[in-house]
Amino acid sequence: MSSPLTRIDHIGIACRDLDETVEFYRATYGFEVFHTETNEEQGVREAMLKINDTGDGGASYLQLLEPIREDSAIAKWMAKNGEGVHHIAFGTADVVTVTDDIVGKGIRSLYEQPRRGSMGSTINFLHPKDAHGVLVELVQAAEGGDGGEHGEH
Ligand code: CMX
Ligand code: CO
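Think of each chain on its own: its residues are numbered from 1, step by step along the sequence as written. The order in which chains are written sets their letters, starting at A; the order in which ligands are written sets their numbers, starting at 1. With the structure being a predicted model, the display of local features is reserved for residues of pLDDT at least 70 and the display and counting of side-chain atom pairs for 80 or more, all residues being used for whole-chain, interface and lining totals. Heavy atoms throughout the structure, all of them, feed into the side-chain values; hydrogens and water do not.

**Student:** Give me the lowdown on the overall build of the protein chain, citing residues and values where you can.
**Tutor:** Under the DSSP-based scheme used, a helix requires at least four consecutive residues in state H or I and a strand at least two consecutive residues in state E, with every element numbered from the N terminus. Within the protein chain, the regular secondary structure consists of three helices and eight strands. Across the protein chain, helices and strands are ordered from the amino to the carboxyl terminus as β-α-β-β-β-α-β-α-β-β-β. C-alpha atoms define the radius of gyration in this analysis, and the globule rule sets the expected value at 2.2 Å times the number of residues to the power 0.38. Here the C-alpha atoms of the protein chain give a radius of gyration of 15 Å, agreeing with the 15 Å that 2.2 N^0.38 yields for 153 residues. Over its C-alpha atoms, taken along the principal directions, the protein chain stretches across nearly 40 × 35 × 25 Å. For the protein chain, the residues scored as buried account for 41% of the 153 residues in total. Residue contacts follow a heavy-atom distance rule, with two residues in contact if any of their heavy atoms lie within 4.5 Å. For the protein chain, contacts bridging at least 24 residues in sequence account for 59% of all contacts bridging at least 6. Surface exposure of the protein chain reaches about 8500 Å², of which carbon and sulfur atoms provide 52%. As used throughout, the charge tally considers Lys and Arg to be positive and Asp and Glu to be negative, leaving His and the chain termini uncounted. Lys charges are placed at NZ, Arg charges at CZ, Asp charges at CG and Glu charges at CD. Both charge centroids of the protein chain, one from 13 positive and one from 26 negative side chains, sit 7 Å from each other. Only protein chains enter the area calculation, which uses a 1.4 Å probe; residues under 20% of their type maximum are buried, those over 50% are exposed, and those in between are partly exposed. Shrake-Rupley sampling with a 1.4 Å probe provides the accessible areas, and residues are treated as covered by the protein chains on show and by no other component.

What follows is the structure in structure tokens.
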């Protein structure tokens, strides 16, 4: 059976200071910033570092996340755990169908309807308590995937 989840879209990493962490990833690993944005709804300022393109026409990234509000999911998680790996995101061509299928297996999604993620993508999450302790994000890339303009939006 082939999976409708066709790539690791990104790994989400919580950090206290986005600029300092971006510089660490550049100086240590040579990864450059591909895209930055602020997502008010999620309460984060973020940088996407592209690691590689993938066979489904998408790509894999590291997503560095700095909280912009004390009541954000990332701020709450960091208060408990400090900096580190916060979630893993799988890429799919159809986030609604994949989410419905997984919910049908008895696993809770966090949103009734998908929301906006990085670079115009649509996203949902699976509850970590139903997924062996891993917060899983499901990502459908924006039409045109990575081809668009990048920078601070
Ligand atoms: N990974 C694994 N387990 C996690 C977790 C994570 N990232 N976040 C919380 N948990 C666990 C907690 O450890 C806790 O477990 P215990 O009950 O055993 O202590 C349980 O889940 C409940 O955690 P909580 O601290 O009480 O937090 P909440 O239930 O209020 O929120 C969650 C947890 C997953 C619902 C919330 O973080 C959320 O809505 N996340 C989705 C949005 C998000 O993460 N946005 C930031 C990223 C945006 C992006 O990627 O674009
Ligand atoms: Co993410």
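**Student:** Provide a residue-level description of the sheet that holds strand 5 (residues 84-92), including the pertinent values.
**Tutor:** By this definition, two strands are paired if DSSP reports at least two bridges between them. Pairing is mixed across the open sheet formed by eight strands, whose spatial order is 2-3-4-1-5-8-7-6. The two strands at the open ends of the sheet, each matched to only one other strand, are strand 2 (33-39) and strand 6 (115-116). Taken together, the four bridges between strand 5 and strand 8 (residues 136-140) define a ladder with parallel strand orientation. Looking at the pairing, Ile88 lines up with Val136 of strand 8.

**Student:** Tell me what's going on with the packing of aromatic side chains, and back it up with residues and numbers.
**Tutor:** For this analysis, a ring pair means two rings from Phe, Tyr or Trp (six-membered ring only for Trp) whose centres lie within 6.5 Å, classed as stacked if their planes differ by under 30 degrees, edge-to-face if by over 60, and tilted for the remaining angles. Enumeration over the complete set of coordinates arrives at six aromatic pairs. A centroid spacing of 5.6 Å and a plane angle of 80° characterise the contact between Phe24 and Tyr25, whose relative ring orientation is edge-to-face. You can call Phe24 partly exposed: its relative accessible area is 41%. Here Tyr111 and Phe125 contribute two aromatic rings whose centre-to-centre distance is 5.9 Å and whose plane-to-plane angle is 90°, an arrangement assigned as edge-to-face. Placement of Tyr111 in the loop between helix 3 (95-103) and strand 6 and of Phe125 in strand 7 (residues 122-126) is noted, with a sequence separation of 14 residues between them. The pair formed by Tyr111 and Phe125 is uniform in burial state, with each residue classed as buried. Connected via pairs of aromatic rings, a cluster forms that spans Phe24, Tyr25, Tyr29 and Phe31.

**Student:** Summarise the pairing of strand 4 (residues 59-67); cite the residues concerned and give the values.
**Tutor:** Summarising burial for strand 4: eight of the nine residues are buried, a large majority. Here strand 3 (residues 44-53) hands over to strand 4 after five residues, with Gly57 in that stretch at a positive phi of 90°.

**Student:** So, the UniProt feature "domain: VOC" (unreviewed entry) in the protein chain: which residues are in play, and what are the values?
**Tutor:** UniProt positions are given in the numbering used here, feature names are shortened, and annotations may be inferred rather than shown by experiment. This chain's UniProt record puts "domain: VOC" (unreviewed entry) on residues 7-141. What you have in residues 7-141 is 22% helix and 41% strand, and the ends, taken at the C-alpha atoms, are 11 Å apart.

**Student:** Quick one: what's the story with unusual backbone geometry, residue by residue and with numbers?
**Tutor:** The backbone phi angle of Met119 is positive, close to 55°, even though this residue is not glycine. Overall, the relative accessible area of 17% leaves Met119 in the buried class.

**Student:** Mind laying out helix 3, listing which residues take part and the relevant values?
**Tutor:** Inspection of helix 3 places Val95, Val98, Thr99 and Ile102 among the buried residues, and these make up the whole buried set. Down the axis of helix 3, the sector holding all buried residues measures 100°, keeping them to one side. For helix 3, the secondary structure elements touched by its buried residues are strand 1 (5-14), strand 5, strand 7 and strand 8. Of all possible arcs, the one meant is that of the directions from the helix axis to the C-beta atoms.

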